[in-house]
Amino acid sequence: MIKLWDYKKTTQHNRYTLSNSMRLVLAITLFILLTTPASAINIDEGVTIPIVAAYSTMEGETGVLLNATVIVTEGNGHVFVDTQPYTQVDLQGSARMATLVASDITGIDPTEHDFYFIIEVTSPIISGPSAGAALTVAAIADIEDWQLIDGVVMTGMINPDGSIGPVGGIPYKLDAAAQHGTSLFIVPEGQINVVITENTIVRKGAFVAVEEKTIKVDLVERGRELDVEVVEAITIEDAVELFTGHEIHRSEPPIGVWSAEYLDVLRPLGRNVLDEANQLYLVAVNETTQFSGTLEVQKVLLDRGQEQYDEQQYYAATNTGLLVLNNLKFILWWEEYSNTKDQDEYLNNLYQTVNLEINHSRQEVEWFKEEGLKDVDGVGAAEIRVVMAEQLLEDARSTETEIDYVKTLALASMRAETVLWWLSLVNTDHTTDDGMLKDRAGWYVGTASSVVTYARTIISESDNMHGLSGLLDEADVSLDRAVIEYERGYYSGAIYDSLLAYVQASTAISLMGYSDVGTKIQRSANAARVSIEESRNAGIEPVLAVSAYEYADSLESPSQQIMEYNYARVLAKTTLQLTTTSNVSHSAVSATPIPLKTVCPTQTPTPQVPAWDGLDVPGISIISGILGVFAAMILLRR
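Given the structure is predicted, the values throughout are model-derived calculations rather than measurements.

(A) Expanded view of the overall build of the protein chain. Within the protein chain, the regular secondary structure consists of 19 helices and 13 strands. Here the protein chain holds 638 residues, and the buried ones make up 55% of them. For the protein chain, the accessible surface area stands at approximately 27600 Å², while carbon and sulfur atoms represent 51% of it.

(B) View of the pairing of strand β8 (residues 184-188). Most of β8 is tucked away, with five of its five residues classed as buried. With three bridges joining them, strand β5 (residues 152-154) and β8 adopt parallel strand pairing. Across the sheet, residue V152 finds its bridge partner in β8, namely L184. Sheet topology note: the β8/strand β11 (residues 229-233) ladder contains five bridges and is parallel. Within β11, the residue paired with F185 across the bridge is V230.

(C) Layout of the pattern of salt bridges. Enumeration over the complete set of coordinates arrives at 20 salt bridges. A salt bridge links D473 to R456; the nearest nitrogen and oxygen atoms lie 2.7 Å apart. On the criterion of sequence distance, the pair formed by D473 in helix α14 (residues 469-488) and R456 in helix α13 (residues 434-460) is long-range, its members being 17 residues apart. When its relative accessible area of 15% is taken as the criterion, R456 is described as buried. Residues joined by salt bridges that share partners form a network here, namely D104, E534, R569 and K573.

(D) Expanded view of the environment of T431. For T431, the position within the fold is in strand β13 (residues 431-432). Its relative accessible area of 35% is what places T431 among the partly exposed residues. It is 7.1 Å that separates the C-alpha atoms of T431 and D375, two residues lying 56 residues apart in sequence.

(E) Representation of helix α7 (residues 260-287). For α7, spanning 28 residues, the distance from its first C-alpha to its last is 41 Å, which sits close to the expected 40 Å at 1.5 Å a residue. Taking the largest bend as the criterion, α7 deviates by roughly 30°, centred on L266, and proline P268 comes between one and four positions later. All buried positions along α7 are accounted for by Y262, L263, V265, L266, L269, G270, V273, L274, A277, Y281 and A284. Tucked into the core, α7 has its buried residues touching α8 (292-310), α9 (314-339), α12 (402-424), α16 (517-537) and α17 (543-553).

(F) Quick look at unusual backbone geometry. Not every positive phi belongs to a glycine, and F291 is a case in point at roughly 60°. Tracing the chain through its elements places F291 in the loop between α7 and α8. Note on F291: relative accessible area 23%, which makes it partly exposed. Not every positive phi belongs to a glycine, and Q312 is a case in point at roughly 65°. With respect to the helices, strands and loops of the structure, Q312 is situated in the loop between α8 and α9.

(G) Focus on a negative patch on the surface. Side chains of D342, D344, E345 and E402 sit close together on the surface and give a patch of like negative charge. Among the structural elements, E402 can be located in helix α12.

(H) Structural context of the confidence of the model for the protein chain. The pLDDT averaged across the protein chain works out to 80; a share of 77% of its residues lies at or above 70. The low-confidence segment residues 1-43, where pLDDT is below 50, has 94 contacts with residues more than four positions distant or belonging to other chains. Contacts from residues 583-638, a stretch scored under 50 in pLDDT, to residues over four places away or in other chains number 110 contacts.

(I) Layout of helix α3 (residues 132-144). Between its first and last C-alpha atoms α3 spans 18 Å; for 13 residues at 1.5 Å apiece the expected length is 18 Å, and the two agree. With respect to burial, α3 is a largely interior element, eleven of its 13 residues being buried. Residues of α3 that are buried: G132, A133, A134, L135, T136, V137, A138, A139, I140, A141 and D142. Positive backbone phi, at 60°, marks D145, one or two positions downstream of α3.

(J) Structural context of the packing of aromatic side chains. A full pass over the atoms with the stated rule returns ten aromatic pairs. With a centroid separation of 6.3 Å and 50° between ring planes, the pair formed by Y337 and Y346 is classed as tilted. Taking relative accessible area as the criterion, Y337 reaches 8% and is therefore assigned buried. Ring centres of W443 and Y444 lie 5.1 Å apart, and the angle between their planes is 85°; on these two criteria the pair is classed as edge-to-face.

(K) Structural detail: the sheet that holds β11. The strand order across the open sheet formed by three strands is β5-β8-β11, and the pairing between neighbours is parallel. Each edge of the sheet is formed by a strand with only one pairing partner; in this case those strands are β5 and β11. Strand-to-strand, the axes of this sheet are offset by a mean angle of 25°, without reference to chain direction. Along the sheet face, helix α4 (residues 170-178) touches β5, β8 and β11 and points at about 160° away from the line of β8. Contacting β5, β8 and β11, helix α6 (residues 236-244) runs over the sheet at an angle of about 155° to β5.

(L) Quick look at the packing of α14 against helix α15 (residues 491-510). Relative to each other, α14 and α15 sit at 165°, their axes nearing to 8 Å. Here α14 is positioned roughly antiparallel relative to α15, judged by the angle of their axes. By crossing handedness, the relation of α14 to α15 is classed as left-handed. Across the interface between the two elements, L471, L472, E474, A475, S478, L479, R481, A482, E485 and Y486 from α14 touch Y491, G493, A494, D497, S498, L500, A501, Q504, A505, T507 and A508 from α15.

(M) Molecular detail of the side chain of T507. Residue placement: T507 occurs in helix α15. Ignoring sequence-local partners within four residues, the contact set of T507 consists of P160, L471, S559, I562, M563 and N566.

(N) Region of interest: the side chain of S506. Within the secondary structure, S506 sits in helix α15. In terms of polar contacts, S506 uses its side chain to reach the backbone carbonyl oxygen of Y502, at 2.7 Å. In this structure, S506 is in contact with M97, P160 and V451, ignoring residues within four places of it in sequence.

(O) Spatial organisation of the environment of T62. The topology assignment puts T62 in strand β2 (residues 60-74). Expressed as a C-alpha distance, the spacing of T62 and K173, which sit 111 residues apart in the sequence, is 7.4 Å.

(P) The packing of helix α10 (residues 343-369) against helix α11 (residues 376-396), seen in detail. Viewed as axis vectors pointing N to C, α10 and α11 meet at an angle of 160°, and their least axial separation amounts to 10 Å. Classed by the angle they form, the pair α10 and α11 counts as roughly antiparallel. In terms of crossing hand, the pair formed by α10 and α11 is left-handed. Mapping the contact onto sequence places Y351, V354, N355, I358, S361, R362, V365, F368 and K369 in α10 and V379, A382, E383, V386, A389, E390 and L393 in α11. Looking at the contact of α10 with α11 residue by residue, the class counts come to ten nonpolar, two polar and four charged.

The rules behind each value
Residues numbered from 1 in each chain as written. Predicted model: local features only at pLDDT ≥ 70, side-chain atom pairs only at ≥ 80, totals over all residues. Heavy atoms only, no water. Helix = DSSP H or I, 4+ residues; strand = E, 2+ residues; numbered from the N terminus. Buried < 20%, exposed > 50% of the residue type's maximum accessible area, 1.4 Å probe, protein only. Areas by Shrake-Rupley, 256 points an atom, 1.4 Å probe, with all protein chains shown as cover. Pairing = 2+ DSSP bridges. Salt bridge = Lys/Arg side-chain N within 4 Å of Asp/Glu carboxyl O. Expected span 1.5 Å × (residues − 1). Bend = angle between axes of the 7 residues up to and from the residue. Contact = heavy atoms within 4.5 Å. Patch = residues over 30% accessible without salt bridge, like charges linked within 9 Å, V, L, I, M, F, W, Y side chains within 5 Å. Lys, Arg positive; Asp, Glu negative; His and termini not counted. Charge placed at Lys NZ, Arg CZ, Asp CG, Glu CD. pLDDT = per-residue confidence, 0-100. Phe/Tyr/Trp six-rings, centres within 6.5 Å; stacked < 30°, edge-to-face > 60°. Axes fitted to C-alpha atoms, helices over the stretch in contact; angles between N-to-C directions. Parallel < 35°, antiparallel > 145°, perpendicular 65-115°, else oblique. Left-handed = near helix turned anticlockwise from the far one by under 90°. Polar contact = N/O pair within 3.5 Å; in protein donor to acceptor, adjacent residues only side chain to side chain. Nonpolar A, V, L, I, M, F, W, Y, C, P; charged D, E, K, R; others polar.

Quick look at the structure:
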């Protein structure tokens with residue numbers, strides 16, 4: 001098997017020449033830029049990269065080589081996708097994923113840049129996931145001002161962690177690339193050998209039948225016959241080196257993730273929560289006649305929480321204590337309900353009590369922000385818990401049994417209580433500009449919406465839906481909550497819930513067809529530690545990110561573990577960006593990004609009661625620009 005480290009050669013650098021049709025599309029795109037507040041671009045700028053696709057015809061599967069030009073400029077976080085003709089929605093999602101990964105790799109802030117993807121498409125049936133890695137390479141090359149080596153072509157989906165995901169139709173793509181003088185063809189890891197199905201038409205008298213035949217293809221051998229070298233690339237860094245000759249430095253992850261500052265912040269909270277849980281446990285033992293088995297389980301959990309505390313796993317200990325508090329609150333309330341004469345009145349009074357607790361928590365958040373928004377981490381987590389508590393309170397009304405009603409109210413009550421605890425974790429006097437937060441929150445909500453839609457599209461069309469639909473459902477719930485938070489002015493909460501939705505959806509994408517889950521877990525954990533260390537090197541303690549990392553360590557589900565490590569990584573990066581840019585005046589024109597093509601939203605399921613996780617309007621100038629495009633197209637046709 002040929003890998004990147006087996007392939008080293010030097011060749012003349014050369015940019016691909018733009019075809020006349022590409023220049024036409026670029027001219028139209030330039031018209032958009034001149035009628036919007038984004039900075040103008042030069043059509044000679046950017047990086048043009050070949051992309052390869054496979055599609056079905058009457059004669060069978062075939063491949064085609066296309067061109068894509070990627071231009072990155074300073075801007076306001078917009079992603080423009082223009083194709084001739086219009087293509088499927090997954091190409092737009094693939095382009096947006098490319099912007100996020102390219103920004104991550106190069107260290108730029110995606111909210112301060114605009115990305116333009118101009119793609120020459122010969123058929124509207126061609127979709128976009130397999131072009132994602134190539135688009136990412138081109139974006140990175142343009143950001144770094146690197147030229148591409150002539151004769152290199154690749155296929156592969158870009159995953160949010162920078163790995164290159166599997167795609168289909170590779171033999172046909174290789175054939176198409178070979179017809180255009182390709183010397184090096186890059187495929188995703190594990191796809192040197194693939195299986196394809198070929199259809200043969202068989203005529204038997206007056207009858208015509210189609211026979212399917214499964215064929216194993218050795219792409220290295222097939223490439224040798226076509227005078228093309230075929231290699232694998234595991235990550236986007238590998239692909240960039242093959243395309244440009246430039247090696248991207250990979251930071252070594254630190255051995256540990258916990259710092260003295262983080263432990264100092266979490267230690268008192270863990271102690272207080274465990275002490276409160278122990279006191280409530282004694283009350284429950286003395287005052288309840290039911291749930292003796294459940295009480296025994298709470299004692300086991302309390303002992304486990306103490307062990308976690310002694311091992312300095314303060315966030316885990318806090319989560320354990322919160323779980324016990326929630327369970328005990330339910331036990332005590334159910335005991336009172338069972339012994340009261342007017343049970344309907346009791347339930348009504350209980351509802352009002354929890355409602356008052358939530359109102360108090362909501363007011364605490366507002367009071368806390370009166371003197372300026374300090375520590376977006378802690379405030380964001382608190383805002384999220386307020387909305388969670390409100391949703392649980394509303395969910396209680398639709399429960400079918402009294403016991404579920406009380407359970408839901410107990411969970412809502414605990415969510416409200418965690419609001420105050422998160423505010424108590426604020427460990428900085430740094431004040432963040434609210435206007436900047438609003439701008440960024442709008443960008444994050446728009447980006448998360450695009451990624452969730454993209455994930456639903458490509459996963460629903462694959463054979464790997466099993467086991468991934470749960471992550472997508474969670475992403476829908478997180479995104480719905482982020483929209484509520486944004487509309488209310490909870491901009492920190494909207495940012496972090498948007499990040500959660502993005503991570504949940506993108507983790508589902510990265511797990512498509514991936515078998516080596518252990519390696520994926522390790523890579524995700526390493527990347528999280530690197531991001532946390534980068535934040536600390538800038539003088540910022542990312543409490544929320546380290547908490548997510550610690551929570552991931554405690555999980556048994558591989559997909560959930562990968563998701564939480566990924567969440568820890570993006571939390572650390574985002575906290576760093578928000579803190580370092582908060583003293584810069586925000587742009588006067590900033591809107592939630594919209595694609596040039598209209599995307600039909602995926603139907604969102606009704607939010608369910610979330611599992612216990614512990615503590616844990618487009619601008620008018622953009623519309624004018626789009627109308628200008630249509631006007632230009634009409635003139636061109638005339």
